[in-house]
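# Coordinates in review
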Amino acid sequence: MSSFTYEGRTIRFRTSPRLTRYNRVLSWENGFIEVMAQYGDMEVEEYVDLVSILENLYIDPASYLAPIKKVEVSYDP
């Protein structure tokens, strides 16, 4: 599972069970995140589509995503 948190609201979504971690965000464009993801010893470029995830949760993507200017990877200890 991966999660995206903004203004106290956390959205969790399924990811590959082989995903070790997201290493860094390459770009953010209105709900589409380009990241470098770690799968074991291999690092690959991957895309996360928050728009479709939000739509499936009946959250309006336009209003939720509009104020977000920057996305970063963080891990809870």
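Description of the structure in this document. Since this is a predicted model, take the numbers as computed values, not measurements.

Glancing now at the overall build of the protein. What the protein contains, in helices and strands, is two helices and five strands. Ordering the α and β elements of the protein from the N terminus gives β-β-β-β-β-α-α. Computed over the C-alpha atoms, the radius of gyration of the protein is 12 Å, within 12% of the 11 Å expected from 2.2 N^0.38 for a compact globule of 77 residues. With respect to the principal axes defined by its C-alpha atoms, the protein has extents near 40 × 25 × 20 Å. Within the protein, buried positions represent 36% of all 77 residues. Of the contacts made within the protein by residues no fewer than 6 positions apart, 30% connect residues no fewer than 24 positions apart. By element, 48% of the accessible surface of the protein is carried by carbon and sulfur atoms, the whole surface being about 5,700 Å². For the protein, the distance from the average position of its 8 positive side-chain charges to the average position of its 12 negative side-chain charges is 6 Å.

It is worth spelling out the packing of aromatic side chains at this point. By the definition in use, this model includes two aromatic pairs. The interplanar angle of 10° and the centroid separation of 6.2 Å between the aromatic rings of Phe4 and Trp28 together place this pair among those described as stacked. One end of the pair, Phe4, is in strand E1 (residues 2-6); the other, Trp28, is in strand E3 (residues 21-29), with 24 residues separating them in the sequence. We classify Phe4 as buried; its relative accessible area is 9%. Judged by relative accessible area, which is 18%, Trp28 ranks as buried.

Before going further, it helps to spend a moment on the sheet that holds E3. Backbone-to-backbone hydrogen bonds join strands into a sheet, with any given pair of strands oriented parallel or antiparallel. Strand order in the open sheet made by the three strands is E3-E4-E5, with antiparallel pairing throughout. Each edge of the sheet is formed by a strand with only one pairing partner; in this case those strands are E3 and strand E5 (42-49). Between one strand and the next, the sheet's axes are offset by a mean angle of 25°, whatever the strand orientation. Note: E3 against strand E4 (residues 32-39), seven bridges, orientation antiparallel. By the bridge assignment for E4, Arg24 is matched with Met36.

Time to look at the pattern of salt bridges. Counting across every chain of the model gives two salt bridges. Of the charged contacts in the structure, one is a salt bridge between Glu43 and Arg24, with a shortest N-O distance of 3.0 Å. A residue pair is termed long-range when its members are at least 10 positions apart, and Glu43 in strand E5 and Arg24 in strand E3 qualify at 19 residues. With relative accessibility at 40%, the residue Arg24 sits in the partly exposed group. Between Glu72 and Lys70 there is a salt bridge, with its nearest N and O atoms 3.9 Å apart. Using a relative accessible area of 64% as the deciding quantity, one classes Lys70 as exposed.

Rules and cut-offs
Residues numbered from 1 in each chain as written. Predicted model: local features only at pLDDT ≥ 70, side-chain atom pairs only at ≥ 80, totals over all residues. Heavy atoms only, no water. Helix = DSSP H or I, 4+ residues; strand = E, 2+ residues; numbered from the N terminus. Rg over C-alpha atoms; globule rule 2.2 N^0.38 Å. Buried < 20%, exposed > 50% of the residue type's maximum accessible area, 1.4 Å probe, protein only. Contact = heavy atoms within 4.5 Å. Areas by Shrake-Rupley, 256 points an atom, 1.4 Å probe, with all protein chains shown as cover. Lys, Arg positive; Asp, Glu negative; His and termini not counted. Charge placed at Lys NZ, Arg CZ, Asp CG, Glu CD. Phe/Tyr/Trp six-rings, centres within 6.5 Å; stacked < 30°, edge-to-face > 60°. Pairing = 2+ DSSP bridges. Axes fitted to C-alpha atoms, helices over the stretch in contact; angles between N-to-C directions. Salt bridge = Lys/Arg side-chain N within 4 Å of Asp/Glu carboxyl O.

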